[in-house]
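Observations on the three-dimensional arrangement
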Amino acid sequence: MKLIDSLTSRYKILTHNNRAFFGFLILILYFLMATIGPHLVSLDNIIDYAGRYQGISLQHWLGTDYAGRDTFSQIVHGSTDVMLIAFSTAFFATFMAIIIGIFSGLKGGRIDAFIMKIVDILLTLPQFPIMAIFAGIFTIKDSITFGILLACFSWAPLSRGIRSQVLSIKNKEFIEVCHIMNMSTFHIIFKELLPNMIPFISINFIHIAKNAIIASVGIMLLGIVPLSVTNWGMMINIATKQVGAIYVPHALPYLLSPIFFIVVFQFALINFASGVEELFDPRSRGR
Amino acid sequence: MKKKYKKYFSSAITIFVAIIISFYLVRSMPGDFIHLRATEIQLQQSLTYETAYNIAKRQYNYDPSVPIYKQFIGYVGGLAHGNLGQSVILRIPVTDIIRKALPWTIFLCSVSLFISFLLGSIIGLFVSFRSRIRWLDSTVSFAAALSQSIPDFIIALLLIVILAINIQLFPLRGAYDVDTVPGFNIPFILGVLYHAVLPVMSYVISTIGAWTLTMKASASTVLSEDYINVAKAKGLRDKRILSKYIGKNAVIPLVPGLAISFAMMLSSSLFIENIFSYPGIGYFFGFSIGNRDFTLLQGILLISIVMIVISNHVADKVHEWLDPRIDL
């Protein structure tokens, strides 16, 4: 009951905060698009050069591409891939960051110093080029592998944050009580430490997902990772680099559609993250 | 004093790791490219295969026949002599490419960083000072969130489509007019500035939101300090309070962010410079990844990491100079 109470009160805060609620709604729409969208909208692969670069119409909601195929259906089918990359990156990166951050923070001493040295080095590497290099070396064929690769270079900042949170919590009274009561480390980590860090972790989860989209779209734009052609990054790559749609004035709906969907998604993520921040940190409310 | 040495030491370790990564990259290159190059040299210059093979080894700074640790020592030795090897595809020394490309990237990134930092902090400062004007605050917050949600290369694409292709106001690609003579003359410099407008705009638009928000937050903490109330009570002009009292103190916490932002721009240059075909290191980065030119790739990777390390040190120095209270 207590849980439900706290959830509903939090839900109320979320709906009161317009920006966060707006972000939340859009994220739900994107989620629906990625999960049930492909079953509702069929992807036509019929090439019809006579009907290329059509404008927005009832038949083609976002016009047609360079070969007369419907753009909207490509966007819907590509959304699954984009979400998969974003959330697999965020999931794996957060997972790694939690394990490494908590381990480093609890162990302390030399192990801690050594791990933080590695984190420092990872933070100094130029992120996008390194991701692009490794994406180029290992030929990537599916979204989840791509997500794991991006995650390998995304966990470092969060793990540093988690480690410093652990350091500040681990000497507090309630943790000392746990030690005195002879509770297991497992209990301390999962029942005492993690619940305290959930707000921090969830905000960072959203930011990692946001950066994963930037990185993945950029790398696909360079043409290093050839994934499915409906992936938004690939759509932009094809439109700008392969068929030269940027030089065709009436091809704008085709070129702008993936860009628009990426930007709105990013915008929703940012707003939602700020909402989550206020949700857990009452002091920042109304700022 | 001791901390300072520690910092240099950790930078040295970072660069060393960068060397290891770049070394690994060459070794992960598919195919026996030394053999290929050797047969080519043999045909071109009618030498024996052994001599040609030795030349090829020196060109790539890589010798596959000796054990790995010796290869590594040889590689580092080559680096110490400034030998980054020869580009596999372009067939010119990597150091020459970097020497030509690096100034363009530094130019773009530093100009963008300067403009975006200056504008962002002025806007942030102003908004926090006038936080009672609700519409201003919400408009700026909205714009800042939007600026953060559009990746810089997407902005670059949009700018190209709108300002370079449809309106044809700015050039589409390159760094200077092909008709001008590179050097210190007015037509060339004007051409350079003209060509830099769109890339700089893409960087500025995508980073200005973050500067505005951090400055706003920083300034509002300064605003609640007692000495601001004293200044107001003394009847000082708003302008003076803004610049001398709030601005000066609020800008200090932002300085370490400059190095981070510079590193981000350096890493984004991979996308931006490719979109504008701007001949900086980002362009050659993309080129070398796309064409699997591993010698060029390792050279550029190494130089970018060194640049990031240097920019971190510079930001530390500036921070120390601005705020003598902190001891780094």
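In this text, all values refer to a predicted model and were calculated from it rather than measured experimentally.

Right, let's talk about the overall build of chain B for a bit. Along the backbone of chain B there are 13 helices and zero strands. Of the regular secondary structure in chain B, the N- to C-terminal order runs α-α-α-α-α-α-α-α-α-α-α-α-α. Going through the 328 residues of chain B one by one, you find that 49% of them count as buried. Each charge sign in chain B was given a centre, from 28 positive and 18 negative side chains, and these centres are 8 Å apart.

On to the nonpolar core. Counting 162 residues, the largest nonpolar core has Phe146, Leu193, Met197, Ile219, Val225 and Trp232 of chain A together with Ile246 of chain B as its most contacted members. No other element matches the 19 residues that helix H10 (residues 185-222) of chain A contributes to this core. Two domains each donate at least three residues to this core, and these are domain 1 (3-80) and domain 2 (103-322) of chain B. The residues contacting isoleucine 219 of chain A, other than those within four sequence positions of it, are Met131, Ala132, Ala135, Phe146, Leu150, Ile224 and Val225 of chain A together with Phe271 of chain B. Judged by nonpolar contacts, the second largest core, of eight residues, contains Ile41, Ala52, Tyr53 and Ala56 of chain B.

The next thing to look at is helix H6 (residues 134-149) of chain B. In this model, H6 of chain B (16 residues) spans 23 Å end to end at C-alpha, consistent with the 22 Å of a helix rising 1.5 Å per residue. On its buried face, H6 of chain B is in contact with helix H2 (18-35) and helix H12 (252-280) of chain A together with helix H5 (94-129) and helix H8 (186-223) of chain B.

Right, let's get into the pattern of salt bridges. All names here are of chain A. By the definition in use, this model includes four salt bridges over all chains. Where arginine 160 meets aspartate 120, a salt bridge forms, and the shortest distance between an N and an O atom there is 2.8 Å. Taken together, the residues span a long stretch of sequence, with arginine 160 in helix H8 (residues 156-169) and aspartate 120 in helix H5 (residues 109-124) at a distance of 40 residues. Accessibility expressed as a relative area gives 30% for aspartate 120, which makes it partly exposed.

This part is about the side chain of serine 128 of chain B. Among the secondary structure elements, serine 128 of chain B is positioned in helix H5. In this structure, serine 128 of chain B is in contact with Lys216, Ala219, Ser220 and Leu223 of chain B, ignoring residues within four places of it in sequence.

Next up on the list: the environment of asparagine 229 of chain B. Residue and element names in this part refer to chain B. By the secondary structure assignment, asparagine 229 is in helix H9 (residues 226-233). Since its relative accessible area comes to 44%, asparagine 229 is described here as partly exposed. In sequence terms asparagine 229 and isoleucine 241 are twelve residues apart; their C-alpha atoms lie 10.0 Å from each other.

Okay, the confidence of the model for chain A next. Close inspection of predicted coordinates is inappropriate for parts of the model with low pLDDT. A residue-level look at chain A finds 86% of positions with pLDDT of 70 or above and a mean pLDDT of 79. Within chain A, helix H1 (residues 2-16) of chain A has the poorest average pLDDT of any element, 62, and helix H7 (residues 143-152) of chain A the best, 88.

Our next topic: unusual backbone geometry. The phi torsion at serine 277 of chain B lies on the positive side, around 45°, for a residue other than glycine. Within the fold, serine 277 of chain B resides in the loop between helix H11 (255-275) and helix H12 (281-290).

Let us look at the packing of H10 of chain A against H11 of chain B. Where H10 of chain A contacts H11 of chain B, the axes come no closer than 10 Å and their chain directions differ by 40°. When the axes of H10 of chain A and H11 of chain B are compared, the pair comes out oblique. Considering how the two elements wind past one another, H10 of chain A and H11 of chain B form a crossing that is left-handed. Here Ala215, Gly218, Ile219, Leu221 and Leu222 of chain A of H10 of chain A lie close against H11 of chain B, whose contacting residues are Leu270, Phe271, Asn274 and Ile275 of chain B. Taken together, the residues of the contact of H10 of chain A with H11 of chain B sort by class into seven nonpolar, two polar and no charged.

All names here are of chain A. Among the surface-exposed residues, Ile28, Leu29, Phe31, Leu32, Ile36 and Leu40 lie close enough to one another that they form a single nonpolar patch of about 620 Å² accessible area. Broken down by element, the nonpolar patch gets its largest block of residues, four residues, from H2. Within the fold, isoleucine 28 resides in helix H2. According to the relative accessible area criterion, isoleucine 28 is partly exposed, its value standing at 37%.

Here the focus is the domain arrangement of chain B. Residues and elements named next belong to chain B. Taken domain by domain, chain B consists of domain 1 (3-80) and domain 2 (103-322). Here the C-alpha centre of domain 2 lies 36 Å away from the C-alpha centre of domain 1. Listed as interface residues are 18 residues of domain 1 and, on the opposing side, 13 residues of domain 2. Here domain 1 is connected to domain 2 by one residue pair in polar contact (both at pLDDT 80 or more). Within the residue set of the side of domain 1 that touches domain 2, elements represented by two or more residues are helix H1 (2-27) and helix H4 (68-80). Considering each element in turn, the side of domain 1 that touches domain 2 owes the most residues, twelve residues, to H1.

Conventions we followed
- Residues numbered from 1 in each chain as written.
- Chains lettered and ligands numbered in written order.
- Predicted model: local features only at pLDDT ≥ 70, side-chain atom pairs only at ≥ 80, totals over all residues.
- Heavy atoms only, no water.
- Helix = DSSP H or I, 4+ residues; strand = E, 2+ residues; numbered from the N terminus.
- Buried < 20%, exposed > 50% of the residue type's maximum accessible area, 1.4 Å probe, protein only.
- Lys, Arg positive; Asp, Glu negative; His and termini not counted.
- Charge placed at Lys NZ, Arg CZ, Asp CG, Glu CD.
- Core = buried A, V, L, I, M, F, W, Y, C linked by side-chain atoms within 4.5 Å.
- Domains from an automatic or database assignment.
- Contact = heavy atoms within 4.5 Å.
- Expected span 1.5 Å × (residues − 1).
- Salt bridge = Lys/Arg side-chain N within 4 Å of Asp/Glu carboxyl O.
- pLDDT = per-residue confidence, 0-100.
- Axes fitted to C-alpha atoms, helices over the stretch in contact; angles between N-to-C directions.
- Parallel < 35°, antiparallel > 145°, perpendicular 65-115°, else oblique.
- Left-handed = near helix turned anticlockwise from the far one by under 90°.
- Nonpolar A, V, L, I, M, F, W, Y, C, P; charged D, E, K, R; others polar.
- Patch = residues over 30% accessible without salt bridge, like charges linked within 9 Å, V, L, I, M, F, W, Y side chains within 5 Å.
- Areas by Shrake-Rupley, 256 points an atom, 1.4 Å probe, with all protein chains shown as cover.
- Polar contact = N/O pair within 3.5 Å; in protein donor to acceptor, adjacent residues only side chain to side chain.

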